[in-house]
Amino acid sequence: MRIGQGFDTHRFEEGGPLVLGGVEIDHPAHLAGHSDGDALFHAVADALLGALGAGDLGAHFPSSDPALAGIASREILEQVAERVRAAHYVIGNLDATIIAEVPRLAPHQSAMRGRLAAALGVEEARVNLKITSSDGLGALGRGEGIGALAVVLLEDAGGVPGAAKG
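Residues numbered from 1 in each chain as written. Predicted model: local features only at pLDDT ≥ 70, side-chain atom pairs only at ≥ 80, totals over all residues. Heavy atoms only, no water.

## Quick word on the layout of surface pockets
As a volume, the largest pocket reaches approximately 280 Å³. Elements supplying a minimum of two residues to the lining of the largest pocket: β1 (2-14), α1 (39-52) and α2 (57-60). Ranked by the residues each element gives to the lining of the largest pocket, the list is headed by β1, at three residues. Residue composition of the lining of the largest pocket, grouped by class: seven nonpolar, seven polar and three charged. (1 Å grid on protein atoms, 1.4 Å probe; cavity = no way out; pocket = protein on both sides within 12 Å on 5 of 7 lines; lining within 4 Å. Points joined across faces, edges and corners; volume = space filled by probe spheres on them. Helix = DSSP H or I, 4+ residues; strand = E, 2+ residues; numbered from the N terminus. Nonpolar A, V, L, I, M, F, W, Y, C, P; charged D, E, K, R; others polar.)

## Points about helix α3 (residues 73-86)
Residues spaced three or four apart along an α-helix point in a common direction, a consequence of the helix completing one turn every 3.6 residues. For α3, built from 14 residues, the straight-helix expectation of 20 Å at 1.5 Å per residue is met to within 8% by its first-to-last C-alpha distance of 20 Å. When α3 is considered as a whole, its buried residues turn out to be S73, I76, L77, V80, A81 and V84. The buried residues of α3 all sit within an arc of 130° when viewed along its axis, so they share a single face. Along its buried surface, α3 packs onto α1, α2, β5 (89-99), α4 (109-120) and β7 (145-156). H88 occupies a position one or two residues after α3 and carries a positive phi of about 65°. (Expected span 1.5 Å × (residues − 1). Buried < 20%, exposed > 50% of the residue type's maximum accessible area, 1.4 Å probe, protein only. Arc of directions from axis to C-beta. Contact = heavy atoms within 4.5 Å.)

## Some words on the packing of α1 against α3
Two measures define how a pair of helices packs: the angle their axes make with one another and the distance between the axes. Close contact between α1 and α3 brings their axes to 9 Å; oriented N to C, the two are set at 20°. Taken as axis vectors, α1 and α3 run roughly parallel relative to one another. Handedness of the α1/α3 crossing: left-handed. Contacts from F41, H42, V44, A45, L48, L49 and L52 in α1 reach S73, R74, I76, L77, V80, R83 and V84 in α3. Among the residues making up the contact of α1 with α3, the classes are represented as 10 nonpolar, two polar and two charged. (Axes fitted to C-alpha atoms, helices over the stretch in contact; angles between N-to-C directions. Parallel < 35°, antiparallel > 145°, perpendicular 65-115°, else oblique. Left-handed = near helix turned anticlockwise from the far one by under 90°.)

## Observations regarding the confidence of the model for the protein chain
Of all residues in the protein chain, 95% attain a pLDDT of 70 or more, and the chain-wide mean is 93. Of the regions scoring below 50 in pLDDT, residues 161-166 engages in 11 contacts with residues more than four places distant in sequence or in other chains. (pLDDT = per-residue confidence, 0-100.)

## Thoughts on the pattern of salt bridges
Where side chains of opposite charge bring their charged atoms close, a pairing between them can arise. All chains considered together, the criterion is met by seven salt bridges. E78 is the salt-bridge partner of R74, the closest N and O atoms lying 2.7 Å from each other. Note that R74 and E78 are positioned in helix α3 at a spacing of four residues, about one turn of the helix. Given a relative accessible area of 32%, E78 falls into the partly exposed group. In this structure, the salt-bridge partner of E123 is R126, at a minimum N-O distance of 2.6 Å. (Salt bridge = Lys/Arg side-chain N within 4 Å of Asp/Glu carboxyl O.)

This is the structure:
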């Protein structure tokens, strides 16, 4: 088994829509970034890469690469999930938390969980998603952006004997 954790934040920038957990949310601001800024998908991808011992998201999808400008975070996450499968691991479970003051995300929680599971290619039972605020503390508490945390457990899929893991 391998465990990885990921963390990501993005600040708000004028102009919507907001994309979070693969869901387009009506909001006057979006999350700034080289991609679509989906902090949840980025935190999960970083956790998967960490569990593989494969560095971090920036090493694989650098913001300095113009070919990646505007890339959908779902595409990033799908590529990382494929890397997990190629290393002969399966996702045992994922636990993720979104930290946001605004907008109200509870109405989108189920859809985000479903999109996350679909991008990973796993059943929803392996994905847990929580939403919380930071009670007004710091930049996230002032509503300046959104953050996300993720922890993932990878299990050996029993692939090719002697195959490199990561």
